[in-house]
Amino acid sequence: MLETEICILGAGPGGATAALHLANAGRSCLLLDRATFPRDKVCGDALSGKVLSELRRVDESLPARLEAAPVQLPSWGIDFYAPNGRKLAVPFKPNYNAATDHAAGHISKRIDFDNFLIEEVRRRPEIELREGVDISQHEQQPDGRWLLKDASGVPVALTRLLLVANGAQSSFARQVGGHALEPAHHCAGLRAYYRGVRNIHPDNFIELHFIKDFLPGYLWVFPLPNGEANVGVGMLTEAVSKKKVNLREKLADMLATHPALKERFAEAERLGPVRGFGLPLGSKRRKLSGANFLLLGDAASLIDPFSGEGISHAMVSGRHAADWAGRALAAQEFSADFLTGYDKAVYNRLGQELRLSRVMQRLLNYPWLFNFVANRAANNPTIAETLSMMFLDLDMRERLRKPSFYLKLLVGK
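Described below are features of the structure shown in this document. Just so it is clear, the model here is predicted, and its values are computed rather than measured.

### Some thoughts on the packing of aromatic side chains
Alright, step 1. Inspection of the entire model under this criterion finds 13 aromatic pairs.
Alright, step 2. Here the aromatic rings of F113 and F116 are separated by 6.3 Å at their centres, their planes lie at 20°, and the arrangement is stacked. Here F116 and F113 lie together in helix α4 (residues 110-122), a separation of 3 residues that amounts to about one turn.
Alright, step 3. Classification of F113 as buried rests on a relative accessible area of 0%.

Written out as structure tokens, the structure is:
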């Protein structure tokens, strides 16, 4: 059995980022994952500008190294398809030059991106990575430390502080952290890989289709290297249950019959099975810590409720978890009260954005309003630029809360 001051459960983006920041601070940790890398993870595979910012905080050279890797595609924007069929192109950077500028976003399969981070982890002697270790039992000892056991009950590690980053299905988050699955704050999703999808944007814009008969869900098409695409659907679990939607059947039907999709997928080849996953959304503020533990990423229910983005939020939580783990060790203070500083730090960075995304998520219940915004923005350079900046600059997203924004929509300036 290993004894350590800091143990991280889960070596995805949240756990790996926490480990790398700890290493940068000169602190050692034990990083455990039940998988052996490289391993697949069901996801949309899009990497936003916030991911690049978090990579840069780990190491200034990481964004450039990712950009140079053949496992990713640079993406320059989003194509929104409103319920009325109107397409609204939203570049991440106004007046960008794809030949000379650095892209604000990328798309990379999780099997590749997560392994990109793990290769960084392997370079750091401060991090002890153990793969193929499935922790299924966690017992808090009288002195506050956590005893971790495998499925057979064999002790694996004893740690002073536990960073829980083992994903949306984390038993620790449910049993100890109190993160019960709430259908109003949880999304059900499906994803499949395709080859040969027609009319992918030449600058690899990701596509979000808000189809009238599928609201409040949406369908996505994200281009990938080697002529592939990540194609999937997501819908609030509450809505899936209420509407009795079979997501697998609905995805197949929309690809085969929807006017904006059927010709593009007529000769596309599906690569492998359609796989499902759950997304615990950050549309509700939850407790992220307790005595001798911190919750990170999907285990902390931090996924954006509108876009479904979770990678950058996991990395943000990993950065703050490393900071507060260091503070706890320096002060030898691991109480629930002390560690609430971590909660405050995470929500100080993500809270406003999650609240605004919750508002945008609710707009999906009003297709007419969505159509109105799309129609106005398509013919209004000022509004189109505002929407573009919303995905990169939180201050711009604040315009959604100001009456002047809607006045501009009405008068078309």
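### A look at the sheet that holds strand β15 (residues 228-236)
Alright, step 1. Judged by pairing direction, the sheet is mixed, and its 7 strands sit side by side in the order β6-β5-β13-β14-β15-β12-β16 without closing on themselves. Looking at strand neighbours, the two that pair on one side only are β6 (87-91) and β16 (269-280), the edges of this open sheet. On average, adjacent strands in this sheet sit at an angle of 20° to one another, irrespective of strand direction.
Alright, step 2. The sheet contact formed by strand β12 (residues 186-195) and β16 spans 9 bridges and is antiparallel. Note that in β16 the partner of R195 across the bridge is E269.

### Some points on the pairing of β12
The two faces of the sheet receive side chains in turn, since in a regular strand these alternate between them.
Alright, step 1. For β12, the buried fraction is high: 9 of the 10 residues fall into the buried class.
Alright, step 2. Inspection of the sheet shows β12 paired to β15 by 9 bridges, in the antiparallel sense. Looking across to β15, one finds that R195 is bridged to E228.

### Comments concerning the packing of helix α2 (residues 49-58) against helix α8 (residues 311-331)
Alright, step 1. Remark: α2 packs on α8, axes separated minimally by 8 Å, with the N-to-C direction vectors making an angle of 30°. Between α2 and α8, the crossing angle belongs to the class labelled roughly parallel. For the pair α2 and α8, the crossing hand works out as left-handed. Counting all contacts with α2, which are made through K50, V51, E54, L55 and R57, the residues of α8 involved are I311, S312, H313, M315, V316 and R319.
Alright, step 2. Partitioning the contact of α2 with α8 into residue classes produces 5 nonpolar, 2 polar and 4 charged.

### Brief notes about the nonpolar core
Alright, step 1. Ranked by internal contacts, the top residues of the largest apolar core, which has 69 residues, are I8, L55, F113, L148, L162 and L163.
Alright, step 2. Sorting elements by how many residues they give to this core places α8 first, with 9 residues.
Alright, step 3. Residue contacts for L148: discarding those within four places in its chain leaves C7, L9, L32, I135, Q137, H138, V154, P155, V156, A157 and L162.
Alright, step 4. The next biggest cluster of nonpolar side chains, apart from the first, holds 53 residues, and it includes V42, A82, F222 and F277.

Rules and cut-offs
- All chains use their own residue numbering, which begins from 1 and follows the written sequence.
- Only residues with pLDDT of 70 or above have their local features reported here, since the model is predicted, and side-chain atom pairs are shown and tallied only from 80 upward, although totals for entire chains, interfaces and linings are computed over all residues.
- To obtain the side-chain values, all non-hydrogen atoms of the structure were included, while hydrogens and water were left out.
- Ring geometry is summarised as follows: Phe, Tyr and Trp rings, the Trp one being its six-membered ring, pair when their centres sit within 6.5 Å, and such pairs are stacked at plane angles under 30 degrees, edge-to-face over 60 and tilted between the two.
- Here a helix means four or more residues in a row that DSSP labels H or I, a strand means two or more in a row labelled E, and each is numbered from the N terminus.
- Exposure is judged per residue with a 1.4 Å probe applied to protein chains only, and the accessible area is read against the type maximum: over 50% gives exposed, under 20% gives buried, and values in between give partly exposed.
- DSSP bridges decide pairing: two strands pair if at least two such bridges lie between them.
- Axis angles are defined between N-to-C directions and span 0 to 180 degrees, where every axis is a line fitted to C-alpha atoms and, for a helix, only to the segment in contact.
- By definition in this entry, angles of less than 35 degrees are roughly parallel, angles greater than 145 are roughly antiparallel, angles of 65 to 115 are roughly perpendicular, and the rest are oblique.
- In this scheme the crossing of two helices becomes right-handed for a clockwise turn of the near helix relative to the far one and left-handed for an anticlockwise turn of less than a right angle.
- The criterion used for residue contact is that any of the two residues' heavy atoms lie within 4.5 Å.
- Under the scheme applied here, ten amino acids are nonpolar (Ala, Val, Leu, Ile, Met, Phe, Trp, Tyr, Cys and Pro), four are charged (Asp, Glu, Lys and Arg), and all others, including Gly, are polar.
- What is meant by a nonpolar core is a set of buried Ala, Val, Leu, Ile, Met, Phe, Trp, Tyr and Cys residues, joined one to another through side-chain atoms within 4.5 Å.

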